[in-house]
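Summary of the model geometry
Single-letter residue listing:
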Amino acid sequence: MMIYRTLLAVCLGCACAFGGIPELAKDFAQPPAAARPWVYWFFMDGNLSQEGMTADLEAMKQAGIGGVIMMEVDVGIPRGTVKFMSPEWQVCFRHAVKEAERLGLQITLNAGPGWTGSGGPWIKPEQSMQHLVSSETNLASGPMHFDAPLPRPLPRRPFFGDGHLPADIEKERKAFYRDVAVLAFPTPSGNQRIEDIEEKALYQRAPFSSQPGVKPWLAAPAEHAKIPVEQCIASSGILDLTSRLTPEGRLVWDVPPGQWTIMRLGKTSTGQGTRPAPQPGLGLECDKLDPAALDAHFAAFVEPLLRAVGPRKPGVGWTMLHIDSWEMSSQNWTGRMREEFQKRRGYDLLRYLPALSGRIVDSVEISERFLWDLRRTAQELAVENHAQHLKDLAHRNGMGLSIEPYDMNPAGDLSLGSVADVPMCEFWSKGYGFKSEFSCIESVSIGHVMGRPIIAAEAFTSGSSERWQQYPGAMKSQGDWAFCAGINRIVFHRFQHQPWADRKPGMTMGPYGVHWERTQTWWDMVPAYHAYLARCQTLLQHGLPVADILYLAAEGAPHVFLPPKSALSGELPDRRGYNFDGCAPETLISRVSVNNGRLVLPDGMSYQVLVLPNNPTMTPALLRKVKELAEAGATIIGAPPLKSPSLSGYPQCDDEVKLLADALWGNSNGQPGMEHPVGRGRVIRDATAQTEKESGDPLSQSNHSKPPANPEQYGDYTVVADLLKKMGVPPDFQSELPLRYTHRSTGEAEIYFVANATSETIRGHCTFRVSGKAPELWNPLIGDISDLPEYFVKDGRTTVPMRFEPNESGFIVFRKTSTPGKTRGPNFCDFAKITELTGPWEVAFDPKWGGPDQITFPSLEDWSKRPEEGIRFYSGTATYRQTFDLPQVPRGQRIYLDLGLVKNMARVRLNGRDLGVAWCAPWRVEITSAAKAKANQLEIAVANLWPNRLIGDQSLPPEKRYAFATWNPFKKNMPLLESGLLGPVTLQAMEIKQP
């Protein structure tokens with residue numbers, strides 16, 4: 001275990017990940033490398049240069065970036081000359097690794113070309129993802145002698161369609177076919193079919209985040225539609241004719257009397273390819289259920305790069321591999337599927353295989369149970385033979401593994417992600433893409449219950465409508481939401497590799513991602529924002545998160561964990577006063593125990609209550625674990641299951657479920673709201689949880705497998721909250737203000753991060769579940785720490801009067817012993833305007849980008865409204881200058897320069913002294929130490945955004961345009977963006993707080 005922990009700490013760049021708690025204030029002042037934000041570093045098919053790599057990495061280092069996730073893709077940018085995986089390409093990759101080592105940066109390499117997964121042209125069809133396909137031959141009447149070829153089953157159309165692969169690979173994958181079995185059975189009457197068989201048999205899984213109507217899970221009801229027996233295939237009557245099939249596909253068989261159906265079943269490639277890979281990296285995705293297929297991929301892709309790089313420095317350079325969002329859909333077969341199924345489920349799947357075509361074997365219930373078992377087996381194989389095996393391979397080579405475990409994968413998201421050293425999620429820039437915040441809740445839960453110190457997010461992903469419009473000030477509120485959700489490493493999507501030194505904004509990733517690269521107009525000012533993120537992330541990587549509710553995710557695959565809607569609030573889903581996590585079923589079984597009534601995990605996390613999914617089915621193994629926890633003292637909320645969802649051990653499994661449910665809920669299974677003692681614990685029936693009958697008629701064929709339109713697997717959050725209050729557990733955080741929060745505990749300090757969710761200044765009270773310690777305000781914007789002397793304690797909680805500027809955030813830290821009775825002063829002082837700095841302003845633009853080198857503004861105004869084309873269409877930095885005398889201010893007051901409104905970032909210098917960057921509201925910097933009585937020389941450098949220049953260039957001939965971008969959606973008549981220093985610029989005074 002110590003070897004693993006040391007390896008993980010090195011991979012994460014976090015020396016203290018499992019050690020003692022360093023001094024909080026020291027880390028806050030100088031955040032360690034592990035606290036810095038990261039970026040996705042994208043390369044466009046063949047467009048790369050060593051000079052550009054060095055410039056990129058040096059720019060990242062200077063800006064405060066800690067590491068990159070590196071991928072090469074093809075999204076429509078014209079191909080470059082450096083062929084993917086060629087000797088020249090491998091030299092470039094080695095150069096990137098060695099430069100990262102020199103600069104102290106980390107590189108995580110995607111596990112394959114493109115961003116989908118792991119594959120390439122080196123993957124043969126027999127090593128690729130596979131489907132079991134079938135053809136049917138109907139014989140009208142027997143007896144008869146049958147001697148004829150059976151139709152060869154055709155491969156299914158890949159989820160993303162044909163035509164993505166090179167012609168030779170496409171030809172090979174369509175030609176690949178291997179027989180698995182030939183089955184014959186008396187032809188049933190009618191044509192009843194299992195509903196939603198494409199999903200249930202894992203022929204496809206669509207993206208939950210971006211395709212409307214995708215089910216987050218497949219229901220596992222206790223009751224099913226009743227189909228007449230003559231319309232079903234009797235498993236006992238299925239004949240195995242596999243040995244009678246010739247290699248040419250000809251069947252020789254003496255057919256018994258009656259009407260018969262012959263099924264020829266075989267395996268084909270799913271056709272899923274490496275998308276959107278660079279052209280030389282296009283190929284089939286490797287079989288995700290077979291470790292040998294992954295070994296072949298690793299040997300063809302990763303091992304050559306390991307040899308090319310040579311000896312590596314620990315903790316820097318190439319430190320990890322990565323599995324990005326699963327965009328390969330699903331598979332339902334692999335070479336050893338029958339053997340693995342028998343070993344794991346305890347019965348042979350052969351005579352149930354007709355169910356994969358939608359046929360009903362024995363009954364709807366039996367067929368649905370078999371399909372449930374098939375999906376569970378596929379999940380286990382994907383987790384063990386792909387994710388865990390890749391992690392093992394990475395660890396053998398001194399690396400870790402990060403995983404984005406959501407979208408299209410055939411497993412439960414929590415189950416797949418539990419393998420990761422660094423679980424990852426994704427959120428899109430608000431207003432510029434899809435709603436994928438659910439993935440953040442999932443990965444945060446994974447990190448908490450699996451003891452992972454770093455929880456990363458592919459952050460601010462965007463589509464074509466973003467168009468260089470995002471900048472730090474516009475992104476702060478959403479970033480604070482991510483921190484409050486539990487994320488503690490922002491990974492910007494994306495930093496685009498720039499192979500050139502003389503083109504701006506230059507190379508793009510087509511229309512995708514925020515433009516977070518060195519060619520940005522404001523890049524020299526962005527370190528201030530990155531420093532803010534690093535200060536936040538260093539505290540959010542200390543200690544353990546605090547949560548009270550553990551939601552058990554339902555068994556079954558695929559599965560998206562969705563907490564009850566009532567546990568969240570707001571457009572961006574904010575946690576309420578009692579925080580929660582989700583837990584995969586196998587994690588509950590293997591890692592959760594009880595200590596003094598609390599559910600505890602080996603890494604230190606603990607919870608007050610376990611909430612069960614409102615499913616009418618549960619396997620005996622999981623229900624036994626629930627009973628064990630209750631007997632040990634846990635408080636459990638949920639409704640009793642009625643049956644097992646599985647065919648394993650059927651029908652005795654259902655009898656065991658009933659006995660266990662009776663023991664947990666009482667022989668009558670209890671009435672809603674009633675409490676049943678079990679050992680040292682108790683089980684409570686939630687009155688708000690829907691039963692199967694309440695959610696729809698289980699006997700209806702059209703309804704028996706569908707979750708409600710707005711699915712809920714848990715009862716109302718307020719029921720759990722009320723129970724916790726009755727248990728003497730008050731909310732962890734409360735306020736009448738529109739605030740979001742998160743809480744971590746180090747044992748020595750309680751760390752709350754609190755953020756204003758509005759663009760207004762707000763005042764009010766915040767109550768924290770802490771007593772005996774005095775509150776401090778740790779301001780991540782500037783890195784200072786101040787006491788909050790005004791507070792009061794009641795019933796074990798501390799209430800603090802607070803003031804928040806628009807979208808302001810900060811840490812309320814409790815680490816010092818409280819001294820009741822001590823004289824306390826105000827927590828905050830007001831700002832008072834001293835004077836306004838009116839015009840004129842001398843403004844210098846950069847002629848290289850079309851602006852005048854010197855011009856006088858009589859007053860502050862929007863550049864886009866100026867008559868001069870060089871200013872109206874200007875993108876870049878302009879410097880405002882003015883000289884002013886300082887009015888008299890009382891002693892003991894701090895003096896601030898308030899810029900009013902800035903579009904979009906500003907650096908302030910006074911009397912030659914750099915006072916820092918204002919990148920968000922309230923656009924204010926302190927000037928006390930730099931100001932003098934007379935002739936203060938003020939310089940304000942302001943950077944705007946790229947769109948105005950790109951729009952203005954559309955009216956110019958190509959040879960006279962100032963900017964260049966490989967993707968440019970702008971037209972000459974598009975509206976311009978507000979730009980410049982808009983003010984008013986004022987001097988303000990704030991009294992120093994007196995006790």
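Every value quoted in this text rests on a predicted model; they were computed, and no experiment measured them.

1. Here we look at the overall build of the protein
Each helix and strand counted, the protein has 19 helices and 51 strands in total. For the protein, the C-alpha radius of gyration of 31 Å lies close to 30 Å, the compact-globule estimate for 995 residues. For the protein, the C-alpha atoms occupy an extent of roughly 110 × 70 × 50 Å along the three principal directions. Counting only residues that meet the buried cut, the protein has 61% of its 995 residues in that class.

2. As for the packing of helix H7 (residues 291–309) against helix H9 (residues 364–396)
Between H7 and H9, whose axes approach to 9 Å, the crossing angle comes to 45 degrees. By the angle between their axes, H7 is oblique relative to H9. With respect to the hand of their crossing, H7 and H9 are arranged in right-handed fashion. Across the interface between the two elements, Pro291, Leu294, Asp295 and Phe298 of H7 pack against Asn385, His386, His389, Leu390 and Leu393 of H9.

3. Things to note about the packing of aromatic side chains
Enumeration over the complete set of coordinates arrives at 50 aromatic pairs. Ring plane angle 45 degrees and centroid distance 6.4 Å describe the contact between Phe845 and Phe857, whose orientation is recorded as tilted. Residue Phe845 is found in the loop between strand E40 (841–844) and strand E41 (855–857), and its partner Phe857 is found in strand E41; the two are separated by 12 residues along the sequence. Each of the two residues, Phe845 as well as Phe857, counts as buried. Their ring planes at 75 degrees and their centres at 5.7 Å tell us that Trp863 and Tyr874 sit as a pair that is edge-to-face. Here Trp863, found in the loop between E41 and helix H18 (869–872), pairs with Tyr874, found in the loop between H18 and strand E42 (877–884); they are 11 residues apart in sequence, far enough to count as distant.

4. Looking at the sheet that holds strand E25 (residues 606–607)
The strands making up a sheet associate through backbone hydrogen bonding, with each pair oriented either parallel or antiparallel. As summarised here, the arrangement of the 3 strands in space is E23-E24-E25, forming an open sheet in which the pairing is antiparallel. Bordering the open sheet on either side are strand E23 (593–595) and E25, each of which pairs with just one other strand.

5. Observations concerning the pairing of strand E9 (residues 250–255)
The alternating pattern of E9 places Leu251, Trp253 and Val255 on a buried face and Arg250, Val252 and Asp254 on a face that is not buried. Pairing of strand E6 (residues 144–149) with E9 involves 6 bridges; the strand directions are antiparallel. From the neighbouring strand, Asp147 faces E9, where its bridge partner is Val252.

6. Remarks on the confidence of the model for the protein
Interpreting fine coordinate detail is not advised for predicted regions of low pLDDT. Per-residue pLDDT for the protein has a mean of 94; in total, 95% of the residues score no lower than 70. Within the model, the stretch residues 693–709 combines pLDDT values under 50 with 36 contacts to residues more than four positions away or in other chains.

7. As for the nonpolar core
Grouped together as the largest cluster of nonpolar side chains are 106 residues, with contacts concentrated most on Trp41, Trp318, Phe427, Trp516, Tyr529 and Phe811. Here this core gets 8 residues from one element, more than from any other, and that element is H7. With residues up to four places along the chain from it excluded, the contact list for Trp41 reads Met53, Asp56, Leu57, Met60, Val68, Ile69, Met70, Met71, Ala96, Phe495 and His497.

8. Considerations on the pattern of salt bridges
Pairing between side chains of opposite charge can happen when the charged atoms of each approach one another. Evaluated as defined, the whole model comprises 59 salt bridges. Between Glu198 and Arg156 there is a salt bridge, with its nearest N and O atoms 2.7 Å apart. Of this pair, Glu198 sits in helix H6 (residues 197–200) while Arg156 sits in the loop between E6 and helix H5 (167–175); the two residues are 42 residues apart in sequence, bridging distant segments of the chain. Classification of Glu198 by relative accessible area gives partly exposed; the value is 31%. By relative accessible area, which is 27% here, Arg156 ends up partly exposed. What you see here is one network of salt bridges that share partners, running through Glu340, Lys343, Arg344, Arg345, Arg376, Glu380 and Glu384.

9. Describing the environment of Glu991
Along the chain, Glu991 turns up in strand E51 (residues 986–991). With relative accessibility at 48%, the residue Glu991 sits in the partly exposed group. Placed 574 residues apart in sequence, Glu991 and Gly417 show a C-alpha to C-alpha distance of 51 Å. Leave out the neighbours within four places in its chain, and Glu991 touches Cys829, Asp830, Gly892 and Gln893.

10. Quick notes on the sheet that holds strand E5 (residues 130–139)
As summarised here, the arrangement of the 4 strands in space is E5-E10-E7-E8, forming an open sheet in which the pairing is antiparallel. The open sheet has two free edges, formed respectively by E5 and strand E8 (239–240), since each of these has just one partner strand. Inspection of the sheet shows E5 paired to strand E10 (residues 260–269) by 10 bridges, in the antiparallel sense. In the sheet register, Leu132 faces E10, and the bridge partner there is Lys267.

11. Quick word on the packing of helix H4 (residues 87–103) against H7
Packed helix pairs are specified by the crossing angle of their axes together with the interaxial distance, meaning the distance between the axes. Closest axis-to-axis distance for the H4/H7 pair is 9 Å, and the angle between their directions is 60 degrees. Crossing handedness for the pair H4 and H7: right-handed. Between H4 and H7, the contacting residues are Trp89, Gln90, Phe93, Arg94, Val97 and Lys98 on the first element and Pro304, Leu305, Ala308 and Val309 on the second. Here the residues of the contact of H4 with H7 sort into 7 nonpolar, 1 polar and 2 charged.

12. A short note on helix H15 (residues 620–631)
For H15, spanning 12 residues, the distance from its first C-alpha to its last is 16 Å, which sits close to the expected 16 Å at 1.5 Å a residue. Of the positions making up H15, those classed as buried are Pro620, Leu622, Leu623, Lys625, Val626, Leu629 and Ala630. Downstream of H15 by one or two residues, Gly633 has phi in the positive range, about 120 degrees.

13. Focus on the environment of Trp326
Along the chain, the position of Trp326 falls in the loop between strand E12 (317–323) and helix H8 (337–345). Through-space distance from the C-alpha of Trp326 to that of Gly117 is 6.7 Å; in sequence the pair is 209 residues apart. Engagement of the side chain of Trp326 in a polar contact is seen with the backbone oxygen of Ser329, the distance being 2.9 Å.

14. Quick look at unusual backbone geometry
Residue Pro505 follows Lys504 across a cis peptide bond; omega there is -10 degrees. Tracing the backbone through its elements, the reader meets Pro505 in strand E17 (residues 505–506). A cis amide bond, omega 0 degrees, links Gly983 with the succeeding residue Pro984. Mapping Pro984 onto the fold places it in the loop between strand E50 (980–981) and E51.

15. Describing H8
Here H8 has its buried residues at Met337, Glu340, Phe341 and Arg345. Angularly, the buried residues of H8 cover 100 degrees about the axis, an arc narrow enough to put them on a single face. Turning to H8, the residues buried within the fold contact H9.

16. Quick look at the side chain of Ser325
Mapped onto the secondary structure, Ser325 falls in the loop between E12 and H8. Reaching out from Ser325, the side chain makes a polar contact with the side chain of Glu327 at a distance of 2.8 Å. Among all residues touching Ser325, those that are not within four sequence positions of it are Trp115, Thr116, Glu404 and Tyr406.

17. Quick word on the side chain of Ser118
With respect to the helices and strands, Ser118 occurs in the loop between strand E3 (106–110) and strand E4 (119–120). For Ser118, a relative accessible area of 1% gives the class buried.

18. Concerning the environment of Trp468
Among the secondary structure elements, Trp468 is positioned in the loop between strand E15 (456–461) and helix H12 (472–485). Using a relative accessible area of 1% as the deciding quantity, one classes Trp468 as buried.

19. As for the state of the cysteines
Within this structure, the stated rule accounts for 0 disulfides. Unpaired in terms of disulfides, Cys653 finds its nearest cysteine sulfur in Cys232, a separation of 19 Å. Note on Cys653: relative accessible area 5%, which makes it buried.

Thresholds, definitions, all that
Residues numbered from 1 in each chain as written. Predicted model: local features only at pLDDT ≥ 70, side-chain atom pairs only at ≥ 80, totals over all residues. Heavy atoms only, no water. Helix = DSSP H or I, 4+ residues; strand = E, 2+ residues; numbered from the N terminus. Rg over C-alpha atoms; globule rule 2.2 N^0.38 Å. Buried < 20%, exposed > 50% of the residue type's maximum accessible area, 1.4 Å probe, protein only. Axes fitted to C-alpha atoms, helices over the stretch in contact; angles between N-to-C directions. Parallel < 35°, antiparallel > 145°, perpendicular 65-115°, else oblique. Left-handed = near helix turned anticlockwise from the far one by under 90°. Contact = heavy atoms within 4.5 Å. Phe/Tyr/Trp six-rings, centres within 6.5 Å; stacked < 30°, edge-to-face > 60°. Pairing = 2+ DSSP bridges. pLDDT = per-residue confidence, 0-100. Core = buried A, V, L, I, M, F, W, Y, C linked by side-chain atoms within 4.5 Å. Salt bridge = Lys/Arg side-chain N within 4 Å of Asp/Glu carboxyl O. Nonpolar A, V, L, I, M, F, W, Y, C, P; charged D, E, K, R; others polar. Expected span 1.5 Å × (residues − 1). Polar contact = N/O pair within 3.5 Å; in protein donor to acceptor, adjacent residues only side chain to side chain. Arc of directions from axis to C-beta. Disulfide = S-S within 2.5 Å.

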